[in-house]
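Residues per chain are reported as follows:
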Amino acid sequence: MTQREQRKDDHIRLALNHPEQLSDFNHIQLIHHSIPSVNQTDINLQTMISNLPLEFPLYINAMTGGSKWAGEINQKLAVISRETNIAMAVGSMHAALKNSALIPTYQVIRTINPSGTVFANIGADVPLDFAQRAIEMIDADALQIHLNAPQEVVMPEGGRDFSDWLTNIEAINEKVSVPVIAKEVGFGMSRETLQQLTSIGIEGADISGRGGTNFVYIENERRPQKDQSYLIGWGQTTPVSLLESLPFQRDIDILASGGIQTPLDAIKSLVMGAKAVGLSRAVLKEVELNGVEAAIQFIELFKAHMKDIALILGAKDIIALKQVPYILSPELESWQRQRNER
Ligand code: FNR
């Protein structure tokens, strides 16, 4: 097994044994009204990411591919996404772009779900032809470009030169035929990042915030010397990242992921302006610990409960959800005030 394949398997194993984190969703309170004035049958949460329609604003976010175990998981995730009719992303495709023997561990998702909506996934440092080959490999509907600087720094074998990420993302975005989604991996996004992304014409940003899977924790656990564990609290939580995104939501479609545990977290994200919500570790745990059938039930229930919450909020679609009033905790309010003042 190569170092890269070993790393993939370590990520899966450690994600399955990952401690729960604090996500800040309890710092947002949606205001309840007693007369919702909506019929359940009128609720339709269809959404759009750039020019890509999604039947429901939920997707399985990037995790894996690139080892035997990862291929088996992708196969199961593809069944789940097909049966629940939600989009899915594959994990970083660098492994298959460097070693063609690993291509089937990604392509399996198309074999299982030929007409589903799927996202390819690459890093911000790869050349344009890698991006194009990644899209072709799985006939992707969108391309996620992951931004994972803290993870790279914590990995001894990780990259250290981030100087051309922005120009490279711009070059890829100009040439590929599908929408590009710049994606964090659990450290959240800032206004400054979103400003940079909109300035180069990126149409989607997955703010993937702190509060769920933590790659500082995972990379530290992979080594006997856990010498950068003090960085575990690094980054913005998903709710804070959503607050940061507010001034940009007209220019770029925001996707929310990172620590989404409950249907209420997902609805709060839509209220704060996300166009769709991604789940990674929650689905991985469900499928690996309880099986494909249980994971399908988990997502079906998640979807049904999201609709129930939309119903009691009196919001029949995602545009109406965005009008729902909410109250921030003193901590989040303070974050927002300080950002507006400085
Ligand atoms: C990830 N994530 C990830 N993201 C990415 O863009 N490319 C990748 O290859 C991976 N690999 C990966 C492996 C595993 C096992 C997990 C659990 C996650 C990050 C993922 O897409 C997401 O941004 C974070 O996991 C936060 O979401 P959750 O897990 O808190 O729902």
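Above this text is the structure in question.
So, here is what we can say about the structure in this document. (Residues numbered from 1 in each chain as written. Predicted model: local features only at pLDDT ≥ 70, side-chain atom pairs only at ≥ 80, totals over all residues.)

## Focus on the overall build of the protein
To keep it simple, the criterion reads: Per the convention used, a helix needs a DSSP run of H or I reaching at least four residues, while a strand needs a run of E reaching at least two, with both numbered from the N terminus. The quantity called the radius of gyration is restricted to C-alpha atoms. Its globule counterpart is 2.2 Å times the number of residues to the power 0.38. Residues are called buried when their C-beta atom has 20 or more other C-beta atoms within 10 Å, exposed when it has 12 or fewer, and partly exposed otherwise; all C-beta atoms are positioned from the backbone.
When helices and strands are counted, the protein shows 15 helices and 12 strands. The C-alpha atoms of the protein give 19 Å as radius of gyration, which agrees with the globular expectation for 342 residues (20 Å, within 12%). C-alpha extents for the protein along the principal axes are approximately 60 × 45 × 40 Å. Among the 342 residues that make up the protein, the fraction classed as buried is 47%.

## Points about helix α1 (residues 3-16)
Inclusion rule: A helix is expected to span 1.5 Å multiplied by its residue count minus one. The arc refers to the directions leading from the helix axis to the C-beta atoms. What counts as a contact here is a pair of residues whose C-beta atoms, placed from the backbone, lie within 7 Å.
Given a rise of 1.5 Å per residue, 14 residues ought to cover 20 Å, and the 20 Å separating the end C-alpha atoms of α1 matches this to within 8%. Those residues of α1 not exposed but buried are Lys8, His11, Ile12 and Ala15. Taken down its axis, α1 places every buried residue within 90° of arc, on the same side. Away from the buried face of α1 by more than 90 degrees, exposed residues Gln3 and Gln6 are located. Buried positions along α1 lie against α2 (68-84), α3 (94-98), α9 (215-221) and α12 (281-290).

## Digging into the site of the ligand
Put simply, the rule is: Any residue whose C-beta atom, as set from the backbone, lies within 6 Å of a molecule or strand is reported as near that molecule or strand.
The full set close to the ligand counts 27 residues, and Gly91, His146, Gly212, Thr213 and Ser280 are the nearest of them. If you list the elements that add at least two residues to the shell around the ligand, you get α1, β7 (142-147) and α12.

Geometric values such as these leave the question of function open.
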